[in-house]
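Examination of the molecular architecture
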Amino acid sequence: LKGEGRFVAGNTTKDMLLEMLEDQPGSFVSGEVLANKLSISRNAVWKAAQALRLQGYDIRAVTNRGYQLVRSGSAILAEDVTRRLPKSAPFKVTVIPRVKSTNSEARRLAQGGAAEGTVVIANEQTAGRGRQGRSFFSPSGTGLYLSVVLRPSLEADSAQVLTTMGAVACALAIEELTGQETSIKWVNDVFVRGRKVGGILTEGQVDIESGRFAHVVLGVGVNVCRPQKGFPEELEPIAGFVCEQDIRAELAAAFLGNLWKLYRQLPACAHYQDYRDRCFVLGRPVVVSRDGRRIRGRALDITPAFELVVGLPDGQQVAYRYGEVV
């Protein structure tokens, strides 16, 4: 359909109806307007709205006012994400209301032979995890908790490439949807307005004989909206959120789209400059914690292998592949 130029061949009537209602968030659109725009009958509009309700969308119909898409912020739907994905991307999205960890679930699926591009999204995690076994606060309805199965042809010591790729994909998605500037703290944390809003956790299984990954699970957790009860006391000074609106489905699709674009360019690290430009630790005094030691110095650069180059007080320069930075 031509009209406003947004609809493409292959979209179903309910998909196009959903797009039109999303263009008028919180507002009613009359059945007559919808029918005319879609070149269908009023009864066909009603049937499409019913089909969307069965998928879980909260669509209100009021006589003499029309149809309204109600954003309850309680659930993310697989269809919401899938229809926004690039057609060439091989993602198969599953949404689980509640899970211990999307990474754990995706890893279980990968070990069972799940194809590359298998995506697990949860509305809530009861045992969300970050790097080094830290817990990740994952309340219902306000965060994006997503893990994707990848099967890269990479050697096992290249995990840093995938983690940094995920961080860039997350940063780009936030910038595209909100127009806000993002920054990255080496290695995997994404910041907005000086506060951490998300992080990447990459886990893999290695084939012993080849020394390459059998599979990788790349997980992202993002505080999309402020939690209804706020952040826990210990996180309040450092945690942030992306925006006031529920854009979890849009963010999931944008993240996956950017991830796939970068992933297809491996083993070249097409995201290197994007990562380096956003890495806000460069030029700053830092403390690097690793192997029980704390090393003080100044962050000087990021190598093409995503190592952090630190200038030590004695004038030496050391490149660290892993560690925690303050």
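In what follows, the structure referred to is the one given above.
**So, the sheet that holds strand β14 (residues 324-325)**
Strand pairing in a sheet relies on backbone hydrogen bonds. The paired strands run either parallel or antiparallel. Strand order in the open sheet formed by five strands is β13-β12-β11-β10-β14, and the pairing between neighbours is antiparallel. Each edge of the sheet is formed by a strand with only one pairing partner; in this case those strands are β13 (317-320) and β14.

**Points about the environment of isoleucine 121**
Relative to the helices and strands, isoleucine 121 is located in strand β4 (residues 118-122). Taking the C-alpha atoms as reference points, isoleucine 121 and leucine 262, separated by 141 residues in sequence, lie 21 Å from one another. Apart from the residues within four sequence positions on either side, isoleucine 121 is in contact with Ile76, Val81, Val93, Thr94, Val95, Ile96, Thr102, Leu144, Tyr145, Leu146 and Ala252.

**Here's the deal with the sheet that holds strand β7 (residues 189-192)**
If you walk across this open sheet you meet the seven strands as β3-β4-β5-β9-β8-β7-β6, and the pairing is mixed. Here the strands that pair on one side only, and so sit at the sheet edges, are β3 (92-96) and β6 (182-185). This sheet shows a mean twist of 20° between the axes of neighbouring strands, independent of strand direction. The pairing of β4 with strand β5 (residues 143-150) spans four bridges and is classified as antiparallel. Among the inter-strand pairings, isoleucine 121 is bridged to a residue of β5, identified as leucine 146. Those strands touched by helix α6 (residues 159-178) are β6, β7, β8 (195-207) and β9 (212-223), and its axis lies near 30° from that of β9.

**Quick notes on the pairing of β13**
One ladder, built from four bridges, connects strand β12 (residues 308-311) with β13; its direction is antiparallel. Note on β13: the bridge partner recorded for valine 310 is valine 318.

**Regarding the packing of α6 against helix α7 (residues 248-263)**
In contact at an axis separation of 8 Å, α6 and α7 are set at 135° when each is read in the N-to-C sense. In terms of orientation, α6 lies oblique with respect to α7. Crossing geometry of α6 relative to α7 is assigned as right-handed. Note on element contacts: α7 touches α6 through Glu250, Leu251, Ala254, Phe255, Asn258, Leu259, Leu262 and Tyr263, opposite Leu162, Met165, Gly166, Val168, Ala169, Cys170, Leu172, Ala173, Ile174, Glu176 and Leu177. Taken together, the residues that form the contact of α6 with α7 break down as 15 nonpolar, two polar and two charged.

Reading the values: rules and limits
- Residues numbered from 1 in each chain as written.
- Predicted model: local features only at pLDDT ≥ 70, side-chain atom pairs only at ≥ 80, totals over all residues.
- Heavy atoms only, no water.
- Pairing = 2+ DSSP bridges.
- Helix = DSSP H or I, 4+ residues; strand = E, 2+ residues; numbered from the N terminus.
- Contact = heavy atoms within 4.5 Å.
- Axes fitted to C-alpha atoms, helices over the stretch in contact; angles between N-to-C directions.
- Parallel < 35°, antiparallel > 145°, perpendicular 65-115°, else oblique.
- Left-handed = near helix turned anticlockwise from the far one by under 90°.
- Nonpolar A, V, L, I, M, F, W, Y, C, P; charged D, E, K, R; others polar.

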